[in-house]
Amino acid sequence: MGETAKLIVGGKEYELPVFVGTEGERAIEISKLRDVAGLITLDPALMSSGSCKSAITFIDGEKGILRYRGIPIEEFAVGEPNFIEAAYLLIFGELPNDSKYDDFSGRLTNNALLHEAMRHHFEGFPIDAPPMAILSATLNTLSCFHIEFLKGLDDPEVFVEAAARLISKVRTIAAFTYRRSRGLPFMYPDPKLRYCANFLHMMFSAPYKQYEVKQVLEDALNLLLILHADHEQNCSTSTVRLVGSSRANVFASCAAAVGALWGPLHGGANVEVLEMLDRIRAGGLTPAQCVEKAKDKKDPFKLYGFGHRVYKNFDPRAKILKEACDKVLLALGRRDPLLDIARGLEELALKDSYFIERKLYPNVDFYSGILLRAMGIPTSMFTVMFAIGRLPGWIAQWKEQHDDPSSKIWRPRQIYVGRTLTHYVPMHERE
Ligand code: CMC
């Protein structure tokens, strides 16, 4: 028997196994605790609880390490970043060789179009509908057009096709959402273009003029999507696993995750950051006031794009994105005043004892908006971009759980703190 932990409650001693991961992380296994001791653990925001074992992504928050299937995130940022390669790696566990890559990429091309009936759905949404609401609704709607994918995902051929459909169509849905919000005609996908270039084409081409995709922007978009592709058991990914644990299909599980990602403490933070930087630029707020407001416990304001549940040193994604912003703006021959403001704000916060003591550093959402702006993506679409990037991670985590014969439905316990036994009072006797 390996290492064990001892728990003493009410004079009785219980021995619990300690599970050690491949990177040496240790966890006390408590799944049998209620059976043997009649006790549960209480950890409301899951601050100290692991919900699963996973072989997809490794994070060491103290050292600022992020790896996909063992590969450091920094290694995806060199040369020509390729989001589809990273997506394949996350979902299927290995980097694709030539033929596997061509096969998967062919499936993406074949699946890029939306069913025409699905296209009409966009016309039913109000012009100012929140893009994340449209995304969640349409991802779920997709399953109506592919009922053959609601079951049978144990078959690798069916699963790869379902995964390709989701990854390919999410980008068409995102672009159509934007076009609808601007009253622009929908642009159909162009099979000659690669994943990111095709997205930019659907966003920005006009029926009479094809958008010319600059290589530097295509690379930057690939990089940005890779950096968002997976992040182990964050809020939206845990949603995928929670929903998927009932054996709900992958479309429904990912649609639910979009709702979780939308929140300003999670993916929605990228919108909040840009709005904050914009307010500073417009003179409505100084960087120093921002920092003071964030520290004031009576003020609900937060320094969005700062802090992380896991990273307590630096977020490697923010570091890569900050450098990418410089590189892209230089290549485009542009300056973005918001980048200077962001840099200044970061410097100010990192010198402040409040942020130092709490180990709060810029996270992935702090610089991503500046890169998205350089591509011409409007702020309202930022969280949708995060979702396009995170989709392969959601699919990979759904699959890992689905393929695990020991997985069970998630059903946490609670500690009841309401009224003790009370009796029903008929309406006429109530005060
Ligand atoms: N501004 C001001 N204070 C903060 C911030 C912030 N951005 N982040 C954390 N704190 C304070 C927090 O008030 C608490 O203070 P105290 O100990 O005095 O009560 C302390 O730091 C610990 O924070 P926490 O809220 O207990 O930490 P958490 O792990 O529950 O939350 C977080 C993590 C990311 C939700 C939080 O840092 C936050 O709200 N950040 C701003 C929103 C944001 O940028 N979210 C994106 C996260 S990264 C990408 C993603 O997941 O989507």
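Anything mentioned here points back to the structure above.
Each chain has its residues counted from 1, following the order in which its sequence is written. In view of the model being predicted, local features appear only for residues whose pLDDT reaches at least 70, and side-chain atom pairs are presented and counted only at 80 or more, with totals across whole chains, interfaces and linings using the full set of residues. As a convention, hydrogens and water are excluded, and side-chain values are obtained from all of the structure's heavy atoms.

**Observations regarding the packing of helix H14 (residues 337-351) against helix H16 (residues 364-374)**
- The angle between two axes is taken between their N-to-C directions and runs from 0 to 180 degrees, where each axis is a line fitted to C-alpha atoms and a helix contributes only its stretch in contact. We count a stretch as a helix when DSSP gives it H or I for four or more residues in a row; a strand needs E for two or more, and each element gets its number in order from the N terminus. Orientation of H14 relative to H16, taken along the N-to-C sense of each, is 170°, at an axis distance of 10 Å. By the criterion of interaxial angle, the relationship of H14 to H16 is roughly antiparallel. Packed against H14, whose contacting residues are Leu338, Leu339, Ala342, Arg343, Leu345 and Glu346, the element H16 presents Phe366, Tyr367, Ile370 and Arg373 at the interface.
- Residue type decides the class: Asp, Glu, Lys and Arg count as charged, Ala, Val, Leu, Ile, Met, Phe, Trp, Tyr, Cys and Pro as nonpolar, and the leftover types, Gly among them, as polar. Its residues placed into classes, the contact of H14 with H16 shows 7 nonpolar, no polar and 3 charged. In this scheme, roughly parallel covers angles under 35 degrees and roughly antiparallel covers those over 145, while 65 to 115 is roughly perpendicular and the rest are oblique. We call two residues in contact whenever any of their non-hydrogen atoms come within 4.5 Å of each other.

**What to know about the environment of Asn110**
- Mapped onto the secondary structure, Asn110 falls in helix H3 (residues 98-110).
- In sequence terms Asn110 and Arg165 are 55 residues apart; their C-alpha atoms lie 8.6 Å from each other.

**Some remarks on the pairing of strand E4 (residues 57-60)**
- Across the two faces of E4 the burial is the same, with Thr57 and Ile59 and Phe58 and Asp60 all buried.
- As paired elements, E4 and strand E5 (residues 65-68) share 4 bridges and run antiparallel to each other. Note on E5: the bridge partner recorded for Ile59 is Leu66.
- For two strands to be treated as a pair, DSSP must find at least two bridges joining them. Between the antiparallel neighbours E4 and E5 lie 4 residues, among them Gly64 with a positive phi of about 70°. Under the scheme applied here, a residue whose accessible area is under 20% of the maximum for its type counts as buried, over 50% as exposed, and between as partly exposed, the area being computed with a 1.4 Å probe on protein chains only.

**With respect to the pattern of salt bridges**
- A side-chain nitrogen of Lys or Arg and a carboxyl oxygen of Asp or Glu constitute a salt bridge if their distance falls within 4 Å. All chains considered together, the criterion is met by 22 salt bridges.
- A salt bridge links Arg119 to Glu116; the nearest nitrogen and oxygen atoms lie 2.8 Å apart. Of this pair, Arg119 and Glu116 are both found in helix H4 (residues 116-124), 3 residues apart, which corresponds to roughly one turn of the helix.
- With relative accessibility at 16%, the residue Arg119 sits in the buried group.
- On the accessibility criterion, Glu116 (36% relative accessible area) is partly exposed.
- Taken together, the shared-partner salt bridges connect Asp103, Arg107, Glu157, Glu161 and Arg165 into one network.

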